[in-house]
Amino acid sequence: MLRNFFFLSFIFTYYLLILNGSAANQNNSVDSTRMAKTPCIKALLLIVEGSEEIELVTPADLLRRAGISVCIAGLEGKDCVKCSRDIKICPDVAFSDVKNDDYDIVILPGGPGHKKFRESQEVKELLQKQQKNDKWIAAICAAPTALKSHGICLGQTLTSYPGVKDEFKDGQCKYSEEKVVVSGKLITSRSPATAFEFALTIIEKLVGKDARDKVAEETYYV
């Protein structure tokens, strides 16, 4: 009789395991389906020696909180980069390895390093590709000057760090004093102090206002 009791207990436990396993597989199937239906939004964030740390890290952090895939690419390779305040930041990849991929947005931080964005033929080709494909481009602080150098902002409204405002006096681009400006598929902003609003605006344009509000609430942005 005791033997029958243990046998029945074994059979009962066995079937419980099967049922739990079946339920788990169904849940995984549901999760996989949900993930498959969620589009992967990709952002490319360029970094170069002299990039402004706040303008680099803030968008990377907040966009990732919003579920956006952010790739930090080193313009001059994959080695760690000394930024404008001597803080070293290591890119995820070398720009040369990912420059031909497709992105929903390309982001340029400011700082003294923005001059290398202006001088780069590869950056020019990437920005022109974004514009041709009607994809987003974002630049902050002094980086909008790179957009003008590569013929990206012509006829559109933008803003920048006040110290480089005179570079837009020729009227090829309309200038604004707003903290963040959205013009077509172009997002620009002014300085490290506006980096948070800049990043939240990018989130809103790529994912929606609900995502923006959620990230703002989670980070106690007021």
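Everything below is about the structure printed above this text.
Along each chain, residue indices are assigned from 1 in the same order as the chain's sequence is written. Thresholds applied to this predicted model are a pLDDT of at least 70 for local features of residues and 80 or more for the giving and counting of side-chain atom pairs; totals over whole chains, interfaces and linings are not thresholded and use all residues. Hydrogens and water are ignored here; the side-chain numbers use all heavy atoms of the structure.

### Quick notes on the overall build of the chain
At step 1: Under the DSSP-based scheme used, a helix requires at least four consecutive residues in state H or I and a strand at least two consecutive residues in state E, with every element numbered from the N terminus. The number of helices and strands found in the chain is eight helices and eleven strands.
At step 2: Only protein chains enter the accessibility calculation, which uses a 1.4 Å probe; a residue is then buried when its area is under 20% of its type maximum, exposed when over 50%, and partly exposed in between. Counting across all 222 residues of the chain, residues that qualify as buried make up 44%.
At step 3: What makes two residues a contact is simply this: any of their non-hydrogen atoms within 4.5 Å. Intrachain contacts of the chain at a sequence separation of at least 6 include 63% that bridge at least 24 residues.
At step 4: Residue burial considers only the protein chains on display, and all accessible areas are found by Shrake-Rupley using a 1.4 Å probe. About 12400 Å² of surface is accessible on the chain, with carbon and sulfur atoms providing 53% of the total.

### Observations concerning the packing of helix α7 (residues 195–206) against helix α8 (residues 209–218)
Each pair of packed helices gets described by two things: the angle between the helix axes and the distance between those axes.
At step 1: The angle between two axes is taken between their N-to-C directions and runs from 0 to 180 degrees, where each axis is a line fitted to C-alpha atoms and a helix contributes only its stretch in contact. In the contact formed by α7 and α8, the axes pass within 7 Å of each other and the chain directions differ by 145°. Contacts between α7 and α8 involve Glu197, Leu200, Thr201, Ile203 and Glu204 on the former and, on the latter, Lys209, Ala211, Arg212, Val215 and Ala216.
At step 2: Here the term charged refers only to Asp, Glu, Lys and Arg, the term nonpolar to Ala, Val, Leu, Ile, Met, Phe, Trp, Tyr, Cys and Pro, and the term polar to all other amino acids, Gly among them. Classifying every residue of the contact of α7 with α8 by side-chain character gives five nonpolar, one polar and four charged.

### Description of the pattern of salt bridges
When the charged atoms of two side chains lie near each other, side chains of opposite charge can form a pair.
At step 1: For salt bridges, the criterion is a side-chain nitrogen of Lys or Arg within 4 Å of an Asp or Glu carboxyl oxygen. Within the structure shown, the criterion is met by 14 salt bridges.
At step 2: With a shortest N-O distance of 2.5 Å, Arg212 and Glu197 are connected by a salt bridge. Remark: Glu197 occurs in helix α7 and Arg212 occurs in helix α8; sequence separation between them is 15 residues.
At step 3: Taking relative accessible area as the criterion, Glu197 reaches 22% and is therefore assigned partly exposed.
At step 4: Overlapping salt bridges bring together Lys165, Glu177 and Arg190 as one network.

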